[in-house]
Amino acid sequence: MKKIAKYSNGNIKIEEYWENNKRHREDGPAEIHYHISGKITAEYYYINGNLHRTDGPAMIRYYENGKIRFECYFIEGKHHREDGPATLSYYKNGDLCYKEYHLNGEQHKSDGPAYISYYQNGNIEVETYYQNNKLHRLDGPAIIYYFNDGKVENKIYVINEKIYHDLFLYSVAAGSY
């Protein structure tokens, strides 16, 4: 069943597709939001009430200029992507603002940072390492903050969400894994 809400000027505000009282559509987004001008501002892909899409992001939000603001990948309602970041956010000019890696609903990346944010100049602002939804890194800092010019501002060492202020104690703990 298709439901439509409209602005007072008659333009579509929200278009939704439902089946068995759940958002559901197999041939496109099950929920589409529009700006009063008629431009699409967001698309959400649902199967049986869960955000789900196998051939692209299940959630996409747009700036008024039509460029993508935000995209998220979901499988059966879980934040998930195996071949790249599961969340990508962009500045209005289209440059990358941040990216996050998720597997089966958990923030996770085994071979690098699971979250990276960028300054508008393209330099990295912050890197954080997650494994199984926990701040964790054995071979270096789990959180690294950078200055706008790319130089390291601060490093934080974490193992299984325990912060180590003493680099020696961190090294001993990391060696025991």
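Bear in mind that the values here come from a model prediction, so they are computed numbers and not experimental data.

1. Quick word on the environment of W18
Thinking step 1. Counting through the fold element by element, W18 comes out in strand β2 (residues 12–19).
Thinking step 2. Taking the C-alpha atoms as reference, W18 lies 38 Å from T128; in sequence the two are 110 residues apart.
Thinking step 3. Once residues lying within four places of it in the same chain are set aside, the contact partners of W18 are M1, K3, R23 and H24.
Thinking step 4. A distance of 3.4 Å separates a polar atom in the side chain of W18 from a polar atom in the side chain of E16.

2. Notes on the nonpolar core
Thinking step 1. Counting residues in each nonpolar core, the largest one holds 14 residues, and the members touching the most others are Y44, Y46, L51, A58, M59, C72 and F74.
Thinking step 2. Those elements that provide at least two residues to this core are β5 (40–44), β8 (59–62) and β9 (68–72).
Thinking step 3. Top contributing element to this core by residue count: β8, with three residues.
Thinking step 4. Residues within four places of F74 in sequence aside, it is in contact with L51, H52, R53, A58, M59, H79 and H80.
Thinking step 5. In this structure, Y129, L135, Y146 and V158 belong to the second largest nonpolar core, which totals eleven residues.

3. Regarding the pattern of salt bridges
Thinking step 1. Per the stated rule, a full pass over the model turns up eight salt bridges.
Thinking step 2. One salt bridge connects E31 with R23, and the closest N-O pair in it is separated by 2.7 Å.
Thinking step 3. Put simply, R25 and D27 hold a salt bridge, and the shortest N to O gap is 3.0 Å.
Thinking step 4. Through salt bridges with shared partners, a single ionic network connects E16, R23 and E31.

4. Observations concerning the environment of G84
Thinking step 1. Assignment of secondary structure puts G84 in the loop between β11 (78–79) and β12 (87–90).
Thinking step 2. Residues G84 and I4, spaced 80 residues apart in sequence, show a C-alpha to C-alpha distance of 34 Å.

5. Side note on a nonpolar patch on the surface
Thinking step 1. A contiguous nonpolar surface patch, about 310 Å² in accessible area, is contributed by F168, L169 and V172.
Thinking step 2. Among the structural elements, F168 can be located in helix α1 (residues 167–175).

6. Describing the packing of aromatic side chains
Thinking step 1. All told, the structure shown has three aromatic pairs when counted by the stated rule.
Thinking step 2. Between Y157 and Y170, the ring centres sit 4.8 Å apart and the planes meet at 55°, which makes this aromatic pair tilted. Placement of the pair is Y157 in strand β21 (residues 152–159) and Y170 in helix α1, with a sequence separation of 13 residues.
Thinking step 3. According to the relative accessible area criterion, Y157 is buried, its value standing at 17%.
Thinking step 4. You can call Y170 buried: its relative accessible area is 4%.
Thinking step 5. Where Y164 meets Y170, the ring centres are 6.1 Å apart and the plane angle is 65°; that geometry is what we call edge-to-face.
Thinking step 6. Following the ring pairs from residue to residue traces out a cluster consisting of Y157, Y164 and Y170.

7. Considering the pairing of strand β17 (residues 124–128)
Thinking step 1. Bridging between strand β16 (residues 115–118) and β17 involves four bridges; their strand directions are antiparallel. Considered in β17, the bridge of S117 is made with V126.
Thinking step 2. Taken together, the three bridges between β17 and strand β20 (residues 143–146) define a ladder with antiparallel strand orientation. Note that in β20 the partner of V126 across the bridge is Y145.

Cut-offs and rules
Residues numbered from 1 in each chain as written. Predicted model: local features only at pLDDT ≥ 70, side-chain atom pairs only at ≥ 80, totals over all residues. Heavy atoms only, no water. Helix = DSSP H or I, 4+ residues; strand = E, 2+ residues; numbered from the N terminus. Contact = heavy atoms within 4.5 Å. Polar contact = N/O pair within 3.5 Å; in protein donor to acceptor, adjacent residues only side chain to side chain. Core = buried A, V, L, I, M, F, W, Y, C linked by side-chain atoms within 4.5 Å. Buried < 20%, exposed > 50% of the residue type's maximum accessible area, 1.4 Å probe, protein only. Salt bridge = Lys/Arg side-chain N within 4 Å of Asp/Glu carboxyl O. Patch = residues over 30% accessible without salt bridge, like charges linked within 9 Å, V, L, I, M, F, W, Y side chains within 5 Å. Areas by Shrake-Rupley, 256 points an atom, 1.4 Å probe, with all protein chains shown as cover. Phe/Tyr/Trp six-rings, centres within 6.5 Å; stacked < 30°, edge-to-face > 60°. Pairing = 2+ DSSP bridges.

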